Structure formats: structure tokens, C-alpha cells
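Residue-level structure breakdown
The primary structure of each chain is shown beneath.
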Amino acid sequence: MSGKSMVIIGAGLGGLATGCYARMNGYRTRIFEQHTAPGGVCTAWQRQGYTIDGDIEWLMGCQPGSRYYHLYQELGVIKDCRLLPLNEFCSFLDEKTGRSMAVTSDLDRLAAGMKAMAPIDGGAIEEFINGCRTMQGFTGVPQPEMVELFKKYNISIAEFARRIEDPFLRWSISNMNELPETPVTVLFFILGGMADRQYGLVEGGSLNFSLAVARRYQDLQGRSPTGRTLQRSWWKTTGRWASDWLTATSTGQT
Ligand SMILES: Cc1cc2nc3c(=O)[nH]c(=O)nc-3n(C[C@H](O)[C@H](O)[C@H](O)COP(=O)(O)OP(=O)(O)OC[C@H]3O[C@@H](n4cnc5c(N)ncnc54)[C@H](O)[C@@H]3O)c2cc1C
């Protein structure tokens, strides 16, 4: 093989995006995918009349001007998918008492709701909301006040939640992320970004997002994902694919 060429293993978002950018930069590309369809974990499927969406619950960088938005433009997502604003991150309900809380992108509303529910925790609620506000306007490079915030709150969500006296609010904050050991600054980051309208949903779900990038790859005349498994044994027994570059975006043993 002469010239610039690249073999890419895996047609998930990583492999498809690599393929697109390689094509934009003049590489000949070939993507190998073991599944019959592109998308990897960013997919959805039908079962008994339901659509099971396995992936995007919130997409970062949904506003023009953000670095991600620019990337989505280059990868064909903005042309083919409608991004919808994410107004609610999650909500909590205590079925025994009927108490509930919606974690909204409107930080004033969120603060007012928390304080009405747990007036005893006013101080911790202020800290929480201020943390979110400090992360607003994040463009990829942390501002000095954000660095200070990371230093000050070098604690997990669970640790922060222990400061809360009201049991329902404590439980709600502990469960805002699947892993309570996640740094609390991750919540500040997400809720600050939501307040900036930077987080959204993809109309039609995750598969639409993947197929948009796959179409972009095909429009750039890359070789389409082959539906063939590329494994060590396949390398050994079936032949050789020579290329200047090999990019493996697959997880696990390849
Ligand atoms: C449950 C879940 C929820 C998520 N939610 C969000 C979210 O809300 N927002 C967000 O931005 N991100 C989210 N993510 C993360 C995001 O979806 C992933 O980071 C991204 O899709 C991973 O893409 P990838 O190409 O790196 O990997 P994968 O999607 O894993 O793609 C790897 C591909 O390689 C293929 N492959 C593997 N081995 C071989 C082989 N030997 N030969 C050929 N092909 C092979 C696989 O079949 C697969 O298609 C979520 C992820 C998960 C799992």
C-alpha cells in the first residue's frame, strides 16, 4: 500500500470519528467492525414494542460556539439530528412520604426548591448551588476560580452529602450520580453546564446520532464497516491488511 492509509478497528463513535477525520485529512481508510451495524455502545434497539436506548442521556456542547458543537458539525450530527435542550437532569421521589425533587437546569428554581424542602440545610444548599454557578461558562480551560473550587471541594458526592441533615435531600444528592464516590465537582460541572444550556438530548435517540456519523463517514467515501470480526486469529489465518496506521478503538481483546 502506498501513500497515507489507515486501518481502524471498531465502528463505534471513536472509530467512525477517526475514520471521518482521517478521510478529511486525505487518508485512505478501512474500518473493521465485528457487529452487523455501526454505532458500538451508542445504539438503540426495539423489544416488544419498546425502544431501548442504551446510551446518550445527556450530550455535552449543544450550543453553537462550543468546541463540541463544532465537532458535531464536522461529523454531520448537526445536519442530521435535532438537539433538544435538557431541562431536567433527574428527579427523586420518596414513595413513602410523597416528597419529591426535580434537579432542573434552572439553578434559581433548584435552590428555591431545595431550601423549601430542607430549610435546615440552607448553608449546604448555597454551597452546592454556588459550586454549580462557578462552573458556568466553562469552555474547556478551567478559570482560576474553577481551579480554586476543585481544590476546595476535593471530596466525593457521598462526603458532601454527609453535611446535609434532611434525610431525603441527603439521599437525593447522594444519588445524583450512579457512583457516590464520584467527585462532587462533577455534579457542579454538569449542573453548571446545564444552566448554560450546554447539555441536550438527541431527537430520535442514540442510534440516530451514530448513524449520522456513519453517513458522514460514507459521504467522505471511506470504506464502509465490513461486519467482519478482526481478531488475532483472523489476522493470522485469513491474510494481511497493510496500512501506514492502525487505530484500535475497540475495547477488550483485539
Ligand atoms: C450506558 C452508557 C451510557 C452513556 N451515556 C452517555 C451520555 O449520556 N453522554 C455521552 O456523551 N456519552 C455517554 N456514554 C459514553 C459514550 O457512549 C461512549 O464513550 C462512546 O460511544 C464509546 O465509543 P467507542 O467507539 O470508543 O467504543 P464502542 O462504542 O465500544 O465501540 C467499539 C466498537 O468496536 C467493535 N469491536 C470490538 N472488538 C472488535 C474486533 N475484535 N473486531 C472488530 N470490531 C470490534 C465493537 O463491536 C464496537 O462497535 C455512555 C456509555 C454507556 C455504555
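Whatever comes next refers back to the structure up there.
Attention here is on the structure that accompanies the text. (Residues numbered from 1 in each chain as written. Predicted model: local features only at pLDDT ≥ 70, side-chain atom pairs only at ≥ 80, totals over all residues.)

1. Focus: the site of the ligand
Around the ligand, the structure places 27 residues, and the nearest of them are G10, G12, G14, G40 and S250. By residue number, the principal contributor to the shell around the ligand is helix α1 (residues 13–24), which donates 3 residues. (Near = placed C-beta within 6 Å. Helix = DSSP H or I, 4+ residues; strand = E, 2+ residues; numbered from the N terminus.)

2. Observations concerning the pairing of strand β3 (residues 44–47)
Pairing geometry for β3 and strand β4 (residues 50–53), over 4 bridges, is antiparallel. Of the residues in β4, the one forming a bridge with A44 is D53. (Pairing = 2+ DSSP bridges.)

3. Brief notes about the sheet that holds strand β9 (residues 245–248)
The strand order across the open sheet built from 3 strands is β2-β1-β9, with neighbouring strands paired in parallel fashion. With partners counted over all chains shown, the strands left at the sheet margins are β2 (28–32) and β9, one partner each. For this sheet, the mean inter-axis angle between neighbouring strands, taken without regard to orientation, is 15°. Both strand β1 (residues 5–9) and β2 contribute to a ladder of 5 bridges, which runs parallel. Note on β2: the bridge partner recorded for M6 is T29. (Axes fitted to C-alpha atoms, helices over the stretch in contact; angles between N-to-C directions.)

4. Focus: the nonpolar core
Grouped together as the largest cluster of nonpolar side chains are 53 residues, with contacts concentrated most on L16, V77, C132, F188, L191 and V213. Among the elements that take part in this core, helix α9 (residues 184–195) stands out by supplying 8 residues, more than any other. Counting contributing residues, this core receives three or more from each of domain 1 (5–56 + 204–248) and domain 2 (87–198). Not counting residues up to four positions away in its chain, the partners in contact with F188 are G131, C132, T134, M135 and L149. (Core = buried A, V, L, I, M, F, W, Y, C linked by C-beta atoms within 7 Å. Buried ≥ 20, exposed ≤ 12 C-beta atoms within 10 Å, placed from the backbone. Domains from an automatic or database assignment. Contact = placed C-beta atoms within 7 Å.)

5. What to know about the packing of helix α5 (residues 122–134) against α9
The geometry of α5 relative to α9 is characterised by a closest axis approach of 7 Å and an angle of 65° between their N-to-C directions. Note on packing geometry: the crossing formed by α5 with α9 is right-handed. Contacts between α5 and α9 involve G131, C132, R133 and T134 from the first element and F188, L191, G192 and A195 from the second. Its residues assigned to classes, the contact of α5 with α9 shows 4 nonpolar, 3 polar and 1 charged. (Left-handed = near helix turned anticlockwise from the far one by under 90°. Nonpolar A, V, L, I, M, F, W, Y, C, P; charged D, E, K, R; others polar.)

All quantities given are derived from atomic positions and should not be read as evidence of function.
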